[in-house]
Amino acid sequence: MIVLNITTKVHLSIDDEWLQWQQQEHIPETMATGFFISHKLFRLLEQDDSEGHTYAVQYTATDEEQYQLYMIEFAHLHQQKTFQEWGDKTISFRSVLEVIQ
């Protein structure tokens, strides 16, 4: 299995709205693509939260092919929508993990 991990620092001024948007719009839209079988949403602890919280969303795909198809067909569109919605009030980085056990 492959996990797409998206870690995002969210400015305090939009924290509640961003979290609600993730849970009600963005995550369901990403899951509706059919390329992922599950997801989890985390808030990082033991971080400097003076400017905002840091969150991680992990999407699990059955294999690398499903992950790659998502990246080709939807990733850029989802990144654009996120920037249009929140501008520079969030900053994200992505990492891809292979489940070993």
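Refer to the structure presented above.
Each chain has its residues counted from 1, running along the sequence as written. Where local features are concerned, this predicted model is filtered to residues with pLDDT of at least 70; where side-chain atom pairs are given and counted, the filter is 80 or more; whole-chain, interface and lining totals use all residues. To obtain the side-chain values, all non-hydrogen atoms of the structure were included, while hydrogens and water were left out.

(A) How the structure looks around the pairing of strand β3 (residues 54–61). Each residue gets one of three labels from its accessible area relative to the maximum for its type: buried under 20%, exposed over 50%, partly exposed in between, using a 1.4 Å probe on protein chains only. The helix count covers DSSP runs of H or I at least four residues long, the strand count covers runs of E at least two residues long, and both are numbered beginning at the N terminus. Burial within β3 is extensive, with 7 of its 8 residues counted as buried. Both strand β1 (residues 2–10) and β3 contribute to a ladder of 8 bridges, which runs antiparallel. By the bridge assignment for β3, Leu4 is matched with Tyr59. Any two strands between which DSSP finds at least two bridges are classified as paired. Examined bridge by bridge, strand β2 (residues 38–43) and β3 share 6 bridges and lie antiparallel to one another. Across the sheet, Leu41 pairs through a bridge with Val57, a residue of β3.

(B) Representation of the sheet that holds β2 in the model. Judged by pairing direction, the sheet is antiparallel, and its 4 strands sit side by side in the order β2-β3-β1-β4 without closing on themselves. Every interior strand has two partners, whereas the edge strands, β2 and β4 (90–98), have only one. Each strand of the sheet is rotated relative to its neighbour by a mean of 15°, with strand direction disregarded. The strands touched by helix α1 (residues 15–31) are β1, β2, β3 and β4; relative to β3, the strand with the most contacts, the crossing angle is about 10°. Throughout, an axis means a line fitted to C-alpha atoms (over the contacting stretch in the case of helices), and angles, computed between N-to-C directions, take values from 0 to 180 degrees. Here, two residues are considered to be in contact whenever any of their heavy atoms come within 4.5 Å of each other.

(C) Spotlight on unusual backbone geometry. A positive phi angle is found at Glu46, which is not glycine, with a value near 55°. On the secondary structure map, Glu46 appears in the loop between β2 and β3. The class of Glu46 is exposed, set by a relative accessible area of 83%.

(D) Molecular detail of the nonpolar core. Counting residues in each nonpolar core, the largest one holds 12 residues, listed as Ile2, Leu4, Ile6, Ile27, Phe35, Phe36, Val57, Tyr59, Ala61, Tyr67, Tyr70 and Ala75. The contact partners of Tyr59, leaving out residues within four places of it in the chain, are Ile2, Val3, Leu4, Ile6, Gln22, His26, Ile27, Thr30, Met31, Phe36, Ser38 and His39. Here, nonpolar core means buried Ala, Val, Leu, Ile, Met, Phe, Trp, Tyr and Cys residues that are tied together by side-chain atoms lying within 4.5 Å of each other.

(E) Up close: the environment of Leu44. Structurally, Leu44 is set in the loop between β2 and β3. Judged by relative accessible area, which is 25%, Leu44 ranks as partly exposed. Taking the C-alpha atoms as reference points, Leu44 and Tyr55, 11 residues apart in sequence, are found 5.7 Å from one another. In contact with Leu44, not counting residues within four places along its chain, are Thr54, Tyr55 and Ala56.

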